[in-house]
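# Fold and contact review
The residues making up each chain are set out below.
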2 protein chains.
Amino acid sequence: MSVDELNRITTPALLLDEARMIRNIRFLTDRANKLGVQLRPHIKTAKSIEVAYRVFEGGSGPVTVSTLAEAEALFAAGFSDILYAVGIAPSKLERVLALRKKGCDIAVILDSEEQADALSKLESPIRALIEIDSDGHRGGLRYDDPVLVTIGRKLDAAGSLAGVMTHAGESYFASGSEAQAEFAEIERCAAVAASEALRQEGLACPIVSVGSTPTAYSARDLSGVTELRAGVYMFFDLVMAGIGVCSADDIALSVLTTVIGHQPKKGWTMIDAGWMALSRDRGTEKQAVDQGYGVVCDSAGQVIPDLIVSAANQEHGIVTHRPGSEQLLPELPIGTLLRILPNHACATAAQHAKYQVIGGDGHLGPIWERFGGW
Amino acid sequence: MSVDELNRITTPALLLDEARMIRNIRFLTDRANKLGVQLRPHIKTAKSIEVAYRVFEGGSGPVTVSTLAEAEALFAAGFSDILYAVGIAPSKLERVLALRKKGCDIAVILDSEEQADALSKLESPIRALIEIDSDGHRGGLRYDDPVLVTIGRKLDAAGSLAGVMTHAGESYFASGSEAQAEFAEIERCAAVAASEALRQEGLACPIVSVGSTPTAYSARDLSGVTELRAGVYMFFDLVMAGIGVCSADDIALSVLTTVIGHQPKKGWTMIDAGWMALSRDRGTEKQAVDQGYGVVCDSAGQVIPDLIVSAANQEHGIVTHRPGSEQLLPELPIGTLLRILPNHACATAAQHAKYQVIGGDGHLGPIWERFGGW
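The present account deals with the structure reproduced in this document. (Residues numbered from 1 in each chain as written. Chains lettered and ligands numbered in written order. Predicted model: local features only at pLDDT ≥ 70, side-chain atom pairs only at ≥ 80, totals over all residues. Heavy atoms only, no water.)

### Overview of the sheet that holds strand S2 (residues 38–39) of chain B
Residues and elements named next belong to chain B. Across the sheet, which stays open at both edges, the 8 strands sit in the order S2-S9-S8-S7-S6-S5-S4-S3 with parallel pairing between neighbours. Bordering the open sheet on either side are S2 and strand S3 (63–65), each of which pairs with just one other strand. As paired strands, S3 and strand S4 (residues 81–84) are joined by 3 bridges and run parallel to one another. Across the sheet, the residue bridging to threonine 64 is leucine 83, located in S4. (Pairing = 2+ DSSP bridges. Helix = DSSP H or I, 4+ residues; strand = E, 2+ residues; numbered from the N terminus.)

### Some thoughts on the relation of the copies chain B and chain A
Both copies of the chain are related by one operation, a rotation about an axis with a shift along it. Superposing chain B onto chain A takes a rotation of 180 degrees plus a shift of 0.0 Å along the axis, which leaves an RMSD of 0.0 Å. The superposition operator between the copies reduces to a two-fold rotation axis. By C-alpha distance to the rotation axis, the residue of chain B lying nearest is arginine 280 of chain B, at 2.5 Å. Of the interface residues in chain B, 100% have counterparts in chain A that sit at the interface too, so the contact is made through matching surfaces. (Least-squares fit on C-alpha atoms with pLDDT ≥ 70 in both. Contact = heavy atoms within 4.5 Å.)

### Here's the deal with the pairing of strand S15 (residues 337–341) of chain B
Residues and elements named next belong to chain B. Of all 5 residues making up S15, 5 are buried, and the element is well covered by its neighbours. Judged by which residues are buried, S15 turns out to be covered on both faces: Leu337, Arg339 and Leu341 on one side and Leu338 and Ile340 on the other are all buried. Where strand S10 (residues 253–263) meets S15, 4 bridges bridge the pair, whose relative direction is antiparallel. When the bridges of S15 are listed, leucine 256 appears paired with arginine 339. Bridge count between strand S12 (residues 295–298) and S15: 4 bridges; the pairing is antiparallel. In the sheet register, aspartate 298 faces S15, and the bridge partner there is leucine 338. (Buried < 20%, exposed > 50% of the residue type's maximum accessible area, 1.4 Å probe, protein only.)

### Focus on the interface of chain B and chain A
With 48 residues of chain B at the contact, the number on the chain A side is 48 residues. Taken together, chain B and chain A are joined by 4 salt bridges. Lysine 92 of chain B is the salt-bridge partner of aspartate 272 of chain A, the closest N and O atoms lying 2.6 Å from each other. Linking chain B with chain A are 22 residue pairs in polar contact (both at pLDDT 80 or more), by the criterion used here. When contributions to the side of chain B that touches chain A are tallied by element, the ones reaching two or more residues are helix H6 (113–120), S10, strand S11 (268–271), helix H11 (275–278) and helix H12 (345–349) of chain B. Residue composition of the side of chain B that touches chain A, grouped by class: 17 nonpolar, 19 polar and 12 charged. (Salt bridge = Lys/Arg side-chain N within 4 Å of Asp/Glu carboxyl O. Polar contact = N/O pair within 3.5 Å; in protein donor to acceptor, adjacent residues only side chain to side chain. Nonpolar A, V, L, I, M, F, W, Y, C, P; charged D, E, K, R; others polar.)

Structure follows, in structure tokens:
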């Protein structure tokens with residue numbers, strides 16, 4: 001990639017390194033195959049049809065989504081096996097039904113009798129997974145909660161019971177593959193125990209779905225599990241690098257930015273990427289190494305030692321050395337192009353309407369649109 | 001507003017209370033008139049033509065923008081007097097020139113000789129303000145920095161010198177009108193001293209521009225200043241309420257959300273507004289009262305005592321009481337509609353592509369599009 005090519009891009013801009021993304025995608029696809037489970041990638045990070053096509057090498061396949069807008073965009077692009085993995089609001093069931101009528105096999109999740117009752121009243125059944133709480137992270141029922149079987153019976157009577165799912169969101173705070181593998185086993189045990197609780201009552205539970213990027217990368221055994229969900233692995237980010245799931249060289253996403261000023265007495269370099277381009281996400285704040293609003297790389301993507309975006313206003317970033325660094329400040333004249341690696345790929349990507357792809361040949365590739373909204 | 005009307009909206013959604021917005025707009029317009037300065041509102045918060053039209057009651061007027069995309073959108077809508085208030089990258093000058101050729105009187109800001117030199121080389125002059133650092137917040141030159149006059153001479157020779165500008169960003173951390181009035185005076189003194197430094201050298205300085213919402217609300221005297229900039233005042237937010245610039249009743253922006261679950265043992269209510277709808281901005285974190293990811297109101301917009309969004313995942317918010325609250329948890333069954341007041345209006349609005357207006361009659365009004373990108 002020449003600087004001339006990058007200079008054609010308006011900064012700030014979201015860059016996507018296609019070769020890194022493809023490597024990340026293939027790694028987890030292979031891993032799921034070896035573990036004997038179906039991968040159901042989460043499209044909430046990428047929110048891009050072009051990325052989704054590359055996960056399945058041109059074909060469609062089972063996907064997870066975080067909004068009905070994502071589901072509608074993916075279905076229009078040929079993906080018909082969709083899990084909407086946010087507890088269903090009864091007011092959204094009409095929209096789910098409309099998708100199903102068009103031939104989209106979309107399933108929902110829920111963890112309450114009220115939601116199951118709302119499904120029971122519909123003109124035609126919607127497949128539903130019961131959400132299981134494996135680690136106290138957010139929603140879901142404990143596998144031994146008697147309400148689980150009550151809901152299972154209601155869904156079964158309505159022709160809606162499809163299985164169980166869980167997400168060990170706390171694995172994002174587990175550092176190293178040993179600790180992450182423990183969360184993978186916690187996920188597996190909770191989901192399998194819930195499926196057994198249903199089956200003991202004579203209820204079918206064909207789908208046992210688990211996953212998060214850290215647990216998908218560390219799981220050693222997924223006996224009893226049928227499918228695996230993960231999303232951020234396609235791009236990776238500094239939060240994942242900080243807990244050892246990937247290295248900085250695996251991160252496929254960066255924000256291209258231009259140096260626009262200096263405060264030399266303070267050691268500040270000002271860039272045109274503020275929180276509007278980087279997001280306000282500070283996922284590394286409580287990790288062993290706080291990466292501020294992102295790690296600074298040169299225009300070729302090489303990390304510049306100890307240089308981070310230490311503060312951000314709406315359209316200004318302030319680049320400084322980490323506290324205690326003994327590095328010399330590099331020469332970064334006004335107009336210099338830099339790339340910023342994100343704390344959290346989902347959040348940084350969401351600040352942008354499109355990806356500028358860097359092709360596998362290292363040259364500027366196409367623009368890929370993102371979809372947003374709800 | 002009936003709940004039936006709100007139920008027609010897909011949640012999460014960004015609501016804009018037009019009556020509150022108009023009240024906020026009129027207040028600062030009157031204040032600028034009394035202070036004898038031209039108001040040049042910053043459109044970076046609203047990013048909406050419809051809002052900009054209402055600031056000037058149907059006509060166009062002088063505006064401030066944070067991106068060239070904003071400038072282009074506003075010019076297309078009839079606004080021709082525009083200040084692009086982020087230090088200019090030389091690579092963006094072509095785009096500024098293209099706007100000027102179409103008749104847009106857009107000005108840029110800068111604080112270095114390199115930037116002034118880049119302006120000097122252009123085929124036709126671009127008006128520029130020299131950025132002054134009044135409070136150490138981010139960019140700009142101190143008013144007594146000898147480089148100020150050097151830059152002034154370069155711009156003057158190029159036919160580009162339009163004046164000086166400053167922004168007391170540190171005023172956001174000043175609580176109460178006394179402390180904010182001190183920042184207003186710091187802004188005024190720095191900008192006026194810089195204008196005098198230029199004039200002493202025989203350089204013209206027609207524009208002396210200052211502003212931030214806290215200083216615009218607290219300034220007692222703006223002698224020597226010609227124009228005042230502010231943006232967030234149109235909508236207000238919890239950060240501004242936290243330092244006493246407004247009250248919660250002045251906040252025109254909220255996120256409509258639906259209850260989607262509970263974890264009763266933990267006192268958690270789950271909503272379908274996560275950080276994707278609320279933003280990751282935690283501007284109140286270091287204020288006297290930490291408002292989490294936002295203050296919870298009922299569907300009519302009434303604050304529910306002590307209830308905040310205490311945690312957020314991508315599409316999930318967790319509503320709890322503040323630590324130490326003695327309030328009883330209200331009944332919030334699945335499907336209940338709530339409104340969340342934002343920490344930072346600029347950041348929360350940026351997560352959405354449109355506003356659902358609540359009209360002055362209290363009923364659902366039109367949809368207003370937002371523009372984004374760079």
